[in-house]
Amino acid sequence: MEVDRSAGLRAGVERALRDAIRSGTLPSGTRLPSSRALAADLGIARNTVAEVYTQLVHEGYLSGDRGGGTRIAVKAVAESRPEPAGEPPVVHDLRPGRPDVSLFPVSAWAAAGRRVLNTTPAEALGYGDPRGPERARGVIAAYLARVRGVQAGPERIVLCSGYRQAVALLTRVLAERGARSVAVERPGIPAVAEQVRRAGLATVPVPVDSDGAVIDGLAADAVVLTPAHQFPIGVPLAARRRAEVLAWARRTGGVILEDDYDGEFRYDRQPIGSLQGLAPDVVAYAGSASKTLAPGLRLAWLVVPEHLLADVVREKELTDRHADNLTQLTLATMIESGGYDRHVRAARLRYRRRRDDLTRAIGRPAGIAAGLHAVIWLPGDDEQTTLRRLAANGVATHGMSRYSDGLEMPPAVVIGYGAPAQHAWPLALKALTEVI
């Protein structure tokens, strides 16, 4: 549930609930979460939610029974639901690559932010190092070494406004140095291929099988990989393939860009260490806080091989001088306090439970050992027909063909189980399983 807080918390929650009831997003008779549970999801006081429920009961939108919880009143939906027209409304967002932003650790972030404001000298708010504040880079370097096995000091970290900026910086530098092509996984992330082409480089498709990207015969100046959890198939890059791609880079002078987009969320065993930790001289490592915290923070980091560093820093300075110092320092302070690790552990547990719910409901989807998405193959079924049926049931998700770049693949849907808030997850899962 999206809440506009500009007019105040209570007014925003009331408006969001009214709109959801009027549109039919919350069907007749739906039991709402307890005031405690919804308050926790939204990061607000329980009393605020209780007051909202009481107000909407008085208005006739909700009904409350002792011991029976609070439900959507049948009369309110019957009178308010609009006639369906055109595109079905999105009720349940199960698109991949999206975290549950209601999990954002408001209190821990605010505490870290206050500490930064109270202790940061005024000069830190001026124009600074294009890579970001040295203190923030040092903390992130230590964190990446501890959690992902990345080898780099703060001098080789460039803080970016999101992963796409990191890709843009590196590909533009490669193009300036005479590179002509970059290999990208297929299926893979369409925006990465587009970013490569915008830098004036050709894209070379790399097929993916059960062992990850197929390295044999790789012919390009660089390659972008998702080795810990291939997107969207969900497999890790096998040890043999890791050795092959590192050998390729050293033999040809090629560069590897490691996209570690969800490395913190591994469920069935210890996280797979970074590829960069094996060969920091040929691997550029990119990660972000978009999945662990929220995409809206625009916090990402690029760990650059020594021989590319000066050019990447120059490109960063020309692009946007530097990103938001206060946000970067707030993240560093939250990491130092242990708040970031506590939040990641709590989020990992929440997402694992959702992954387990999905497995119990559907069987065993592919790619579920890590991350926030799963692949459901559709043997003998038509992908577009399934997507239309899901959309008619209010479910927004993606088909495998979206990521295949023209490659013919078996039909499948790629389900993201991260985005719904906790109170909305059971209904989203029910809507999905009614179709699949």
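Details of the structure are given in the entry above.
Treat the numbers as computed from the prediction; the structure is a model and nothing was measured. (Residues numbered from 1 in each chain as written. Predicted model: local features only at pLDDT ≥ 70, side-chain atom pairs only at ≥ 80, totals over all residues. Heavy atoms only, no water.)

A. Spotlight on the pairing of strand 10 (residues 283–288). Among the six residues of strand 10, six are classified as buried, and the element is accordingly described as predominantly covered. Every second residue of strand 10 is oriented toward a common face, with Val283, Tyr285 and Gly287 on one face and Ala284, Ala286 and Ser288 on the other, all of them buried. Sheet analysis places strand 9 (residues 255–259) next to strand 10, joined by four bridges and oriented parallel. When the bridges of strand 10 are listed, Leu257 appears paired with Ala284. (Buried < 20%, exposed > 50% of the residue type's maximum accessible area, 1.4 Å probe, protein only. Helix = DSSP H or I, 4+ residues; strand = E, 2+ residues; numbered from the N terminus. Pairing = 2+ DSSP bridges.)

B. Structural view of the sheet that holds strand 7 (residues 212–213). Strand order in the open sheet formed by eight strands is 4-11-10-9-8-5-6-7, with mixed pairing between adjacent strands. The two strands at the open ends of the sheet, each matched to only one other strand, are strand 4 (157–160) and strand 7. Pairing analysis gives four bridges linking strand 10 to strand 11 (residues 300–303), with the strands arranged antiparallel. Each bridged residue has a counterpart across the sheet, and for Ser288 the counterpart in strand 11 is Ala300.

C. Summary view of the side chain of Thr386. Here Thr386 shows up in helix 13 (residues 383–392). Look past the residues within four positions of Thr386 in its chain and what remains in contact with it is Leu378, Asp381, Val413, Val435 and Ile436. (Contact = heavy atoms within 4.5 Å.)

D. Representation of the pattern of salt bridges in the model. By the definition in use, this model includes 28 salt bridges. In this structure, the salt-bridge partner of Arg22 is Asp19, at a minimum N-O distance of 3.9 Å. Placement of both Arg22 and Asp19 in helix 1 (residues 9–23) is noted, with a separation of three residues, approximately one turn of the helix. Taking the shortest distance from any N to any O, the salt bridge between Asp211 and Arg240 comes out at 3.5 Å. One end of the pair, Asp211, is in the loop between strand 6 (202–209) and strand 7; the other, Arg240, is in helix 9 (residues 239–252), and 29 residues separate them in sequence. Here Asp211 falls in the partly exposed class, since its relative accessible area comes to 28%. A single salt-bridge network, built from bridges that share partners, covers Arg10, Glu14, Arg18 and Glu51. (Salt bridge = Lys/Arg side-chain N within 4 Å of Asp/Glu carboxyl O.)

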